Amino acid sequence: MQSPNLLKTVMQDHTSQYWVGQFIFWFGLSVVPFLGIVFWYNTTKLVYVEHMFLQAALGLLLSFPLGWFYSIIWKLGPILRMCLVLSMAGAVAALWTALRVVTYIWLTGEVNTWNDFGGWYFGAFYIFLCWSALYHGMIYYRLLEIEHAERLKEVAHTKEEQIKRLKAESIAREAQLKMLRYQINPHFLFNTLHAIYALIKLKDEYRALGMIAKLGKFLRYSLEYDPQLQVNLEDEINTVTLYVNIEKVRFSDRLSVEFDISEPAKTARVPSLLLQPLIENAIKYAIATREEGGQIRIKASVEHGELLLDVIDNGPGLAGAKPAPGQTTGVGLRNTRERLQTLYGDQHQFQIKETQPSGVHISIRIPYESVVSDVPDNTNKKTYNFTG
């Protein structure tokens, strides 16, 4: 188990890589000629073996100043550096050849070896050119490793920054959605508490207690559900029905609300409390300001992979709509628009238009998401009517 770890440590250290490369190169320079002599000439005279390893050791020693020289000229231009490399490799090869000849004469006593200096020098020059190429290749490999490590570090830093940014955006989006929801609740609370106060003054304790119970149930739902959470449209309709029942205590027969929900749309995923501010807005303009009251219709269907939601009232329309006294205008619609933009971006539509002969039509298109794998067609529609 320790050998692979040691090898991995050696190969990751630049100094260790250099020494391993030196050993392999010069040891190979000794072994290859030795094997050639043994197998070709069938001789293993000790003097020749000694000379082979001795010349390899001399070459190893001469490679150190050569490498030092290459490190000095590294930052020069490529053409000038190539000329200096060839010149220095040739000079060191000549010195190495002379040392090889001297040691060969010293070991063997053959005095005519200087006549073979040219042939020996050609091989030496080729060897030091190969050594120079390997040296430069190792340097370029180190630089590539450093660049790769810096690139990985940069990618990791970028990914870390992206994660931080996504977390910050998520926190900001959640805070924005909560802010939008909390802006809506005070308007509804003001109206409901005012109605409860009126019932108490009229000594209608039964209706006041019922309205308080419904209000508590609705508020418990709104506090438990996160504004980023998606719920089934059927659950959203049940919540809206609870809200409508609270408002019906205020308006009695003046308020009529109808739900037209297709079966496929019931399983659609929608943001929690999406419809309540739209219905509250319709009540402000179509019901509260008119003595005869009005009607609100909520429709939902699925078409071409999209959920279509419609809130339609028969009030005075955009031009004649005025809020009830003490109420501000546009909060519910503006917050709903911003909330959809935050959740869906460009994958949604939010439109407001007038209907004939009167009234306002709010339509929403969002991507259809359901626990059902296949996107159903707009069929098999069933209508739910809640009147009390």
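Preceding this paragraph is the structure being described.
Reading guide: rules and limits
- Residues numbered from 1 in each chain as written.
- Predicted model: local features only at pLDDT ≥ 70, side-chain atom pairs only at ≥ 80, totals over all residues.
- Heavy atoms only, no water.
- Helix = DSSP H or I, 4+ residues; strand = E, 2+ residues; numbered from the N terminus.
- Buried < 20%, exposed > 50% of the residue type's maximum accessible area, 1.4 Å probe, protein only.
- Contact = heavy atoms within 4.5 Å.
- Areas by Shrake-Rupley, 256 points an atom, 1.4 Å probe, with all protein chains shown as cover.
- Expected span 1.5 Å × (residues − 1).
- Axes fitted to C-alpha atoms, helices over the stretch in contact; angles between N-to-C directions.
- Parallel < 35°, antiparallel > 145°, perpendicular 65-115°, else oblique.
- Left-handed = near helix turned anticlockwise from the far one by under 90°.
- Nonpolar A, V, L, I, M, F, W, Y, C, P; charged D, E, K, R; others polar.
- Phe/Tyr/Trp six-rings, centres within 6.5 Å; stacked < 30°, edge-to-face > 60°.
- Lys NZ or Arg CZ within 6 Å of the ring centre and 35° of its normal.
- Salt bridge = Lys/Arg side-chain N within 4 Å of Asp/Glu carboxyl O.
- Core = buried A, V, L, I, M, F, W, Y, C linked by side-chain atoms within 4.5 Å.

Asker: Sorry if this is basic, but what is going on with the overall build of the protein chain here?
Answerer: Helix and strand content of the protein chain: 11 helices and eight strands. Counting all 388 residues of the protein chain, 37% fall into the buried class. A separation of at least 24 residues holds for 75% of the contacts in the protein chain among residues at least 6 apart in sequence. Element-wise, carbon and sulfur atoms account for 61% of the exposed surface of the protein chain, whose accessible area totals about 22700 Å².

Asker: Help me understand helix α4 (residues 78-108) in this model?
Answerer: Three- or four-residue spacings in an α-helix give side chains the same orientation, since the helix completes a turn every 3.6 residues. Taking 1.5 Å per residue, 31 residues should reach 45 Å; α4 reaches 44 Å between its end C-alpha atoms and fits that length. Taken together, the buried positions of α4 are occupied by Arg81, Val85, Ala89, Gly90, Val92, Ala93, Trp96, Thr97, Arg100, Val101, Thr103 and Tyr104. After α4 finishes, the residue Gly109 shows a positive phi value of roughly 80 degrees.

Asker: It is not clear to me how the side chain of Glu236 should be interpreted in this structure. Could you clarify?
Answerer: With respect to the helices and strands, the residue Glu236 is situated in helix α7 (residues 233-251). You can call Glu236 buried: its relative accessible area is 1%.

Asker: Can you help me understand the packing of α7 against helix α9 (residues 276-287) in this one?
Answerer: Any two packed helices are characterised by how steeply their axes cross, that is the angle between the axes, and by the distance between the axes. Packing of α7 against α9 leaves a shortest axis separation of 10 Å and a crossing angle of 25 degrees. On the basis of the axis angle, α7 is roughly parallel to α9. Read as a crossing pair, α7 and α9 show a hand that is right-handed. Each of Glu236, Val240, Tyr243, Val244, Glu247 and Phe251 in α7 lies in contact with α9, whose residues at this interface are Gln276, Ile279, Glu280, Ile283 and Ile287. Of the residues contributing to the contact of α7 with α9, the split by class is seven nonpolar, one polar and three charged.

Asker: Can you help me understand the packing of helix α3 (residues 46-72) against α4 in this one?
Answerer: Their axes nearest at 10 Å, the elements α3 and α4 cross at an angle of 155 degrees. Between α3 and α4, the crossing angle belongs to the class labelled roughly antiparallel. The way α3 lies across α4 gives a crossing that is right-handed.

Asker: Can you walk me through unusual backbone geometry in this structure?
Answerer: Among all residues save glycine, negative phi is the norm, and among peptide bonds the norm is trans. A cis geometry characterises the amide bond from Gln356 onward to Pro357, with omega recorded as 5 degrees. Mapped onto the elements, Pro357 comes out in the loop between β6 (349-354) and β7 (360-367). Of note, Lys203 is a non-glycine position whose phi angle comes to about 60 degrees, a positive value. Among the structural elements, Lys203 can be located in the loop between α5 (117-201) and α6 (205-224). Here the phi dihedral of His304 falls at roughly 55 degrees; this positive angle occurs in a residue that is not glycine.

Asker: Please clarify how the packing of aromatic side chains should be interpreted in this entry.
Answerer: What characterises a pair of aromatic rings is the spacing of the ring centres plus the angle enclosed by the ring planes. In this structure the tally under the stated criterion is nine aromatic pairs. Plain terms: the ring middles of Trp131 and Tyr135 are 5.3 Å apart, the flat faces sit at 20 degrees to each other, and that makes the pair stacked. You can see Trp131 and its partner Tyr135 sitting in helix α5, four residues apart, about one turn around the helix. When its relative accessible area of 4% is taken as the criterion, Trp131 is described as buried. Grouping aromatic residues by their ring pairs yields a cluster made of Phe69, Tyr70, Trp131 and Tyr135. Lying across the ring of Trp74, Arg81 places its NZ or CZ 4.6 Å from the centre. The lysine or arginine in question, Arg100, covers the ring of Trp96, its NZ or CZ lying 4.6 Å from the ring centre.

Asker: Is there a simple way to think about the pattern of salt bridges in this case?
Answerer: Oppositely charged side chains can pair when the atoms bearing their charge come close. Evaluated as defined, the whole model comprises seven salt bridges. Linking Glu292 and Arg290 is a salt bridge whose minimum nitrogen-to-oxygen distance equals 2.9 Å. By relative accessible area, which is 21% here, Arg290 ends up partly exposed. What you see here is one network of salt bridges that share partners, running through Glu234, Glu263 and Lys266.

Asker: Would you mind showing me how to read the nonpolar core here?
Answerer: The tendency in soluble globular proteins is for nonpolar side chains to be buried as a group. Grouped together as the largest cluster of nonpolar side chains are 49 residues, with contacts concentrated most on Leu233, Leu275, Ile279, Ile296, Ile298 and Leu307. Element by element, the count of residues in this core is highest for α7, at nine residues. One finds Tyr18, Leu29, Ala89 and Ile139 within the second-largest nonpolar core, a separate group that totals 21 residues.

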